[in-house]
Amino acid sequence: MRVSLIQPAVEASESADARRRRLAEQVRGRSGDDLVVLPELWAAGAWAYDRWDQDAEPLDGPTAEAMSAAARHAGTWLHAGSIVERDPDGTLYNTALLFDRSGELRGHYRKIHRYGFDTGEATLMGGGRDIVTVPADFGVVGLAICYDLRFPELFRGLVDAGAELIAVPAAWPAARLSHWQLLTRTRALEEQVFLPACCATGEHGGMEQGGHSTVVDPWGTVLAEADRHEQVVTADVDMADVARIRSALPVLRDRVLGLAATAGH
């Protein structure tokens with residue numbers, strides 16, 4: 001199967017509507033791909049806290065509408081990154097959206113680990129509670145977002161829920177690029193999954209984003225990696241490698257501690 005990561009520049013000078021139109025056009029051009037992944041909060045801007053309330057939208061809002069149509073046009077599964085979701089009760093969430101080849105929303109995930117410590121996302125958004133996996137025609141997709149990469153227990157939970165590929169949209173700071181590169185490889189290697197991780201580039205809200213979107217295989221090998229410029233990164237992957245690698249090096253079977261060992265206790 002073919003996986004593509006669309007790495008856009010997210011700049012304050014471009015409106016959410018304009019960026020929505022631009023990325024929808026790029027997705028429509030990805031006919032032949034099996035999975036396309038976009039970055040975190042690319043419409044509103046992950047660091048533009050002052051715009052979140054203005055650009056928040058429901059699950060069936062303008063971003064979902066545009067991405068659904070684009071996925072259907074291209075005939076691809078589309079992980080549309082994440083949006084600033086406004087719940088009917090008014091709470092904002094950082095929510096990932098996954099569409100199938102027909103444009104149907106097959107799953108959404110509210111980010112569990114909110115970044116910012118005592119500022120930004122940590123104070124302005126609610127936190128998700130549910131681990132989310134979605135069966136696709138090529139395997140089971142697990143959903144995580146950016147800062148989640150620092151919490152291995154979530155990724156182990158996704159594997160226990162059947163994940164064979166974990167898609168990670170992000171707006172990772174350029175100042176900590178080495179952490180991004182280390183953590184994406186580590187999460188793929190320790191969970192023995194394919195890990196396509198799409199990070200925005202550009203600068204807004206005073207933050208320079210790192211780019212370097214990457215596709216990592218279950219052996220921890222980087223199959224493709226972007227630089228800091230706007231671009232599309234593509235990798236051909238064989239999902240059968242997940243079972244082969246887990247059989248050849250049965251690390252997950254040998255766990256003693258953790259979710260599998262404590263289930264039901």
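Computed from a predicted structure; not experimentally measured.

Draft legend 1. The pattern of salt bridges, seen in detail. Throughout the structure, instances matching the rule amount to 24 salt bridges. One salt bridge connects D34 with R101, and the closest N-O pair in it is separated by 2.9 Å. Linking D34 in the loop between α1 (16–28) and β2 (35–37) with R101 in the loop between β4 (92–99) and β5 (105–110), this pair joins segments that are 67 residues apart in sequence. Within the structure, one salt-bridge network assembled from shared partners comprises E14, R19, R22 and E230.

Draft legend 2. Looking closely at the nonpolar core. Membership of the largest hydrophobic core comes to 49 residues, with the highest contact counts inside it found for L35, F138, F155, L165, I166, V168 and W180. No other element matches strand β8 (residues 165–170), which puts 5 residues into this core. Beyond its immediate stretch of four places on either side in the chain, L35 contacts M1, R2, V3, S4, T76, W77, H79, L98, F138, L165 and P196.

Draft legend 3. Broad picture of the layout of surface pockets. Its boundaries defined by the atoms lining it, the largest pocket holds a volume of some 200 Å³. Forming the boundary of the largest pocket are 18 residues, of which W47, K111, Y115, C146 and Y147 lie nearest the centre. Looking at side-chain class alone, the lining of the largest pocket contains 12 nonpolar, 1 polar and 5 charged residues.

Draft legend 4. Representation of the packing of aromatic side chains. Applying the stated rule across the entire model yields 8 aromatic pairs. Here the aromatic rings of Y49 and W52 are separated by 4.9 Å at their centres, their planes lie at 70 degrees, and the arrangement is edge-to-face. Taken as a pair, Y49 and W52 lie in helix α2 (residues 49–55) at a separation of 3 residues, close to a single helical turn. Overall, the relative accessible area of 2% leaves W52 in the buried class. Geometrically, the ring pair formed by Y147 and F151 is edge-to-face, given 5.2 Å between the ring centres and 85 degrees between the ring planes.

Draft legend 5. A look at empty space enclosed by the protein. As enumerated under the stated definition, the model contains 1 cavity of 30 Å³ or more in all. Looking at the largest cavity, its volume works out to about 30 Å³. If you go around the largest cavity, the residues you meet are R20, L41, A43, A44, D55, E57, S82, I83 and V84. The element that contributes the greatest number of residues to the lining of the largest cavity is strand β3 (residues 77–86), accounting for 3 residues. Across the lining of the largest cavity, the residue classes break down as 5 nonpolar, 1 polar and 3 charged.

Draft legend 6. Broad picture of the packing of α1 against helix α3 (residues 62–74). Where α1 meets α3, the axes come as close as 8 Å, and the angle between the chain directions of the two elements is 20 degrees. For the element pair α1 / α3, the angle class is roughly parallel. At the point where α1 passes α3, the crossing takes the right-handed sense. Touching R20, L23, A24, V27 and R28 of α1 are P62, T63, A66, M67, A70, A71, H73 and A74, all from α3. A breakdown of the residues in the contact of α1 with α3 according to their chemical character gives 9 nonpolar, 2 polar and 2 charged.

Definitions and cut-offs
In this convention, every chain numbers its residues from 1, walking through the sequence in written order. Local features in this predicted model are restricted to residues of pLDDT 70 or higher, and side-chain atom pairs are both shown and tallied only at a pLDDT of 80 or more, whereas totals for entire chains, interfaces and linings draw on every residue. Remark: hydrogens and water are excluded; side-chain values derive from all non-hydrogen atoms of the structure. A carboxyl oxygen of Asp or Glu within 4 Å of a side-chain nitrogen of Lys or Arg is what we treat as a salt bridge. Helix and strand assignments come from DSSP, with helices taken as H or I runs of at least 4 residues and strands as E runs of at least 2, each series counted from the N terminus. Remark: nonpolar core denotes a set of buried residues (Ala, Val, Leu, Ile, Met, Phe, Trp, Tyr, Cys) joined through side-chain atoms within 4.5 Å. Each residue is assigned to one of three classes by its accessible area relative to the maximum for its type, calculated with a 1.4 Å probe on protein chains only: buried under 20%, partly exposed between the two thresholds, exposed over 50%. Residue contacts are defined here by distance: any two heavy atoms, one from each residue, within 4.5 Å place the two residues in contact. Lining residues are defined by having an atom within 4 Å of a point belonging to a cavity or pocket. Those points lie on a 1 Å grid over the protein atoms alone, cavities being sets where a 1.4 Å probe fits but cannot get out and pockets being open sets with protein on both sides within 12 Å along at least five of seven lines. Grid points are joined across faces, edges and corners, and a volume is the space filled by probe spheres set on the points. Each residue is assigned to one of three groups, with Ala, Val, Leu, Ile, Met, Phe, Trp, Tyr, Cys and Pro labelled nonpolar, Asp, Glu, Lys and Arg labelled charged, and all others, Gly among them, labelled polar. Under the pairing criterion, centres of Phe, Tyr and Trp rings, with the six-membered ring standing for Trp, must be within 6.5 Å; the plane angle then separates stacked pairs below 30 degrees from edge-to-face pairs above 60, leaving the rest tilted. Every axis corresponds to a line fitted to the C-alpha atoms, with the helix fit spanning only the stretch in contact, and the corresponding angles, defined between N-to-C directions, vary from 0 to 180 degrees. Orientation categories follow fixed angle ranges, with anything under 35 degrees roughly parallel, anything over 145 roughly antiparallel, 65 to 115 roughly perpendicular, and all other angles oblique. The handedness criterion is simple: a crossing whose near helix is rotated anticlockwise from the far helix by less than a right angle is left-handed, and one whose near helix is rotated clockwise is right-handed.

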